[in-house]
Amino acid sequence: MSGAKKKLAQKEAMAQLGLTEKEKRALKEAAAKKRNTILGAILGVVVVVLVAALLVWNSGLIPRHTTALEVNGHKYSVADMDFFYRQYVNSAYQQEQSMIDFYQQQLGQEMSHSFDPTQDLTTQYVDEEKTQSYHEFFLEQTKDQVVQITALVDAAKAEGFTPDEETQETMDHLLSELDEDLRENNFSGRDAYFRVYFGRSVNSKVYEKNMKLSILANSYDAATRASLTEYTDDDLKAYYNENSALYNSYDYDYAYFDGQPVKETDDNGNTIEPTDEQKTEAMAAAKEKAEGLINAMKATPAEGENAPVFSNAAAVYGLSDTSRPRVLGTTVQNTVYGEWLMDSARKDGDIELFESEGNGYYVIQFHDAYFYDEPTVDVRHILAKAEMDEGAEEPTQAQMDAAHDEAEELMKQFNAMAPDEKTAEAFGELAEEHSDDGRNDDGTLYTKGGLYENIHKGDMVENFNNWIFDASRKEGDVGLVENAGPGYFGWHVIYFQATREPEWLTKVRTDKSNTDLTAWSESVVEGYEAVTTDAFNKVGL
């Protein structure tokens, strides 16, 4: 691993220290931190939370130096474990907040926290049956984390690995900022802060000792992960060859027949649970339709007639949009029809019925399987839809001209921005304000900021497709494209955001790295065992 990449990996690892909830908005960031929660976010905590945490502290009769956990000869006191426990709880809370923010902002769905760290975690439960409290859950997770930290520190020391100077400077800077925050909030010093946040057993000495272990473990972990995933093209192609069915693309037709009974309500508006007989009847009706579609597709056409077309046969049952082009194998591998679809014995025209137990039936017709190596692109767009007279099938030229003028004005508005302000995000804000594309109930666009990601060649209408896949296209390009088609008459303002590598390559890279990193993580902790003492039960209380 190069020195530059090692430094970058360590810097990214250290960047996890001190993150505020506001800085951890995206679900991808939360997922990344979930894989690597050794450090968590321990410095960016709100004072109100700190004070409330003190209220749930049991004054504790166990001396802070009493051993609570031993891992392969490494002893951790109650104070040490209190440090790691509170660190884990806070990290889990902030990760959950990131997911809540994502669902609210990206999907418009309301969610709430599953636990409250300012209240007694021994009275908050993971499950409805109340078989495990959040305290018990976090205590077990903390134990596992300490085993991981111990194993990583041992491995780092065995290899002579040490965090670089920049990493230590970042740590010093964060502690300096912490001191400033403590003064502003009338804490007498670090010890007062640590005791409130981590528990009365934790002081500066305990904190600094275990923080150094965390830094070493996290930096080594990040650097090793980075080096393990430096793949060559040959590495990735070899992984593809071993699992080609998963990374090939498939063309097929798809129809789903819902087997759920129609929902009924009583006079008070309450949903009436369907009877077993109603459920059976609904599934039987769905199966009859599915089999009818298959029979229609298998019927021998009369002389002079064309072979049946899936979309036409499905339309009889009110189904549309049946075509599924260029679907990656990994997308369907866990479906009831995935194994059948990816079977190498499949040939064009094969058709089969699949039951989704208790839910309905799928009819799948296979067409082709192939290696698709074309790049995909990300673009943003603003639709200026042409108005149409009532009953008209298409707009007049004047109405199309008006849509063009509107789109052109929006493009001029964007292009008039200062160079450093003409970002994809700025275009997205313009789209949210002006686009005539479909919107959610809250008024936001279905495609947030007008963003379309991973577009394959041929996915869009012809003019749109030709513009975004023009060989000269580069990041930041903006253009006008006419859209002439039923329901889509008007003009697009398009912002070209990025060219991506082929979809199969992205997925192979991700899956191979997950496989390799999982194997490495398991190998690191192999042979490590945690032994608790009676004092372990006082951790976090």
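In this text the structure is predicted, and so the values were computed from the model without any measurement.

A.B. asks: Explanation requested: a negative patch on the surface in the structure shown.
C.D. replies: Together, Glu177, Glu180, Asp181 and Glu184 make up a negatively charged patch on the protein surface. Here Glu180 lies in helix α6 (residues 165-184).

A.B. asks: Whenever I open this one, helix α8 (residues 204-228) confuses me. Can you help?
C.D. replies: For an α-helix the count is 3.6 residues per turn, leaving residues at separations of three or four pointing the same way. Taking 1.5 Å as the rise per residue, α8 with 25 residues should run 36 Å; its terminal C-alpha atoms sit 35 Å apart, in good agreement. At the N-terminal end of α8, a side-chain oxygen is found 3.2 Å from the backbone nitrogen of Lys205, two or three residues along, and the residue is Asn203.

A.B. asks: Just to check I follow, could you spell out the environment of Ser521 for this structure?
C.D. replies: On the secondary structure map, Ser521 appears in helix α18 (residues 503-525). Among the residues examined, Ser521 registers a relative accessible area of 21% and is labelled partly exposed.

A.B. asks: Mind showing me how you'd approach the sheet that holds strand β1 (residues 67-71) here?
C.D. replies: Hydrogen bonds along the backbone pair up the strands of a sheet, which may run parallel or antiparallel. In space, the 3 strands of this open sheet follow the order β2-β1-β13, with antiparallel pairing throughout. Of all strands in the sheet, those bounded by a partner on one side alone are β2 (74-77) and β13 (530-532). Here the strands of the sheet are splayed against their neighbours by 25° on average, with no regard to which way each runs. Here β1 pairs with β13 via 3 bridges, running antiparallel. Bridge pairing in β13 links Val71 to Ala530.

A.B. asks: So what exactly am I meant to see when it comes to the pattern of salt bridges here?
C.D. replies: Side chains carrying opposite charge are able to pair once their charged atoms draw close together. Throughout the structure, instances matching the rule amount to 17 salt bridges. Two residues, Arg439 and Glu432, come together in a salt bridge whose shortest N-O distance is 3.9 Å. Residue Arg439 is classed as partly exposed on the basis of its relative accessible area of 26%. Measuring nitrogen to oxygen at the nearest pair gives 2.7 Å for the salt bridge that ties Arg509 to Glu501. Looking at Arg509, the relative accessible area reads 31%, which means it is partly exposed. Relative accessible area serves as the criterion here: at 28%, Glu501 is assigned to the partly exposed category. The network of salt bridges with common partners includes Asp179, Arg190 and Glu208.

A.B. asks: It is not clear to me how the packing of helix α5 (residues 134-158) against α8 should be interpreted in this structure. Could you clarify?
C.D. replies: Between two packed helices, the angle of one axis relative to the other and the distance separating the axes together describe the packing. Look at α5 against α8: their axes get within 8 Å of each other, and the N-to-C directions meet at 70°. For the element pair α5 / α8, the angle class is roughly perpendicular. Touching Ile149, Leu152, Val153, Ala155, Ala156 and Lys157 of α5 are Leu213, Ser214, Leu216, Ala217, Tyr220 and Asp221, all from α8. For the contact of α5 with α8, a count of residues per class yields 9 nonpolar, 1 polar and 2 charged.

A.B. asks: Any chance you could explain the nonpolar core here in plain terms?
C.D. replies: One recurring pattern in soluble globular proteins is that nonpolar side chains are buried together. Formed by 51 residues in total, the largest nonpolar core has its most connected members in Met81, Phe115, Phe138 and Tyr207. Counting only elements with at least two residues in this core, the list comes to β1, α4 (78-106), α5, α6, α7 (190-198), α8 and α18. With 19 residues, the next largest nonpolar core counts Ile382, Ala384, Leu445 and Tyr495 among its residues.

A.B. asks: What should I look at first to understand the side chain of His135 in this one?
C.D. replies: Its place among the elements puts His135 in helix α5. Among residues more than four places away in sequence, those in contact with His135 are Tyr85, Leu121, Thr122, Val539, Gly540 and Leu541.

A.B. asks: What should I look at first to understand the confidence of the model for the chain in this one?
C.D. replies: Fine structural detail should not be taken from predicted coordinates in areas where pLDDT scores are low. Per-residue pLDDT for the chain averages 84, and the proportion of residues at 70 or more is 87%. Of the regions scoring below 50 in pLDDT, residues 1-61 engages in 135 contacts with residues more than four places distant in sequence or in other chains.

A.B. asks: When you look at the packing of α5 against α18 in this model, what are you seeing that I'm missing?
C.D. replies: Relative to each other, α5 and α18 sit at 85°, their axes nearing to 8 Å. Classed by the angle they form, the pair α5 and α18 counts as roughly perpendicular. In contact with Gln148, Ala151 and Leu152 of α5, α18 contributes Trp520, Val524 and Val525.

Conventions and cut-offs
- Along every chain, residues carry numbers that run from 1 in the direction the sequence is written.
- The predicted origin of the model limits local features to residues at a pLDDT of at least 70 and limits the giving and counting of side-chain atom pairs to 80 or more, whereas totals for whole chains, interfaces and linings rest on all residues.
- The side-chain figures draw on all heavy atoms in the structure; neither hydrogens nor water molecules are used.
- Here a patch means residues that are over 30% exposed by relative accessible area and free of salt bridges, tied together within 9 Å if like-charged and within 5 Å if nonpolar (Val, Leu, Ile, Met, Phe, Trp, Tyr).
- Residue exposure ignores everything except the shown protein chains as possible cover, and the areas themselves are Shrake-Rupley values with a 1.4 Å probe.
- Salt bridges are defined by distance alone: a side-chain nitrogen of Lys or Arg within 4 Å of a carboxyl oxygen of Asp or Glu.
- Only four residue types enter the charge count: Lys and Arg as positive, Asp and Glu as negative, with His and the chain ends excluded.
- Think of each charge as sitting on NZ of Lys, CZ of Arg, CG of Asp or CD of Glu.
- In DSSP terms, a helix is any run of H or I states spanning at least four residues, a strand is any run of E spanning at least two, and both are numbered starting from the N terminus.
- A helix is expected to span 1.5 Å multiplied by its residue count minus one.
- We call two N or O atoms a polar contact when they sit within 3.5 Å, provided that within protein one can donate a hydrogen and the other can accept it, with sequence-adjacent residues counted only if both atoms are side-chain atoms.
- Throughout this description, buried means an accessible area under 20% of the type-specific maximum (1.4 Å probe, protein chains only), exposed means over 50%, and partly exposed covers the range between.
- A strand pair is defined by DSSP finding two or more bridges across the two strands.
- To obtain an axis, a line is fitted to C-alpha atoms, over the contacting stretch when the element is a helix, and the angle between two such axes runs from 0 to 180 degrees between their N-to-C directions.
- For classification purposes, an angle smaller than 35 degrees is called roughly parallel, one larger than 145 roughly antiparallel, one from 65 to 115 roughly perpendicular, and anything else oblique.
- By definition, residues are in contact when any of their heavy atoms lie within 4.5 Å.
- The classification used treats Ala, Val, Leu, Ile, Met, Phe, Trp, Tyr, Cys and Pro as nonpolar, Asp, Glu, Lys and Arg as charged, and all other residues, Gly among them, as polar.
- Here the nonpolar core consists of buried residues drawn from Ala, Val, Leu, Ile, Met, Phe, Trp, Tyr and Cys, with membership extended through side-chain atoms lying within 4.5 Å.
- pLDDT gives the predictor's per-residue confidence on a scale running from 0 to 100.

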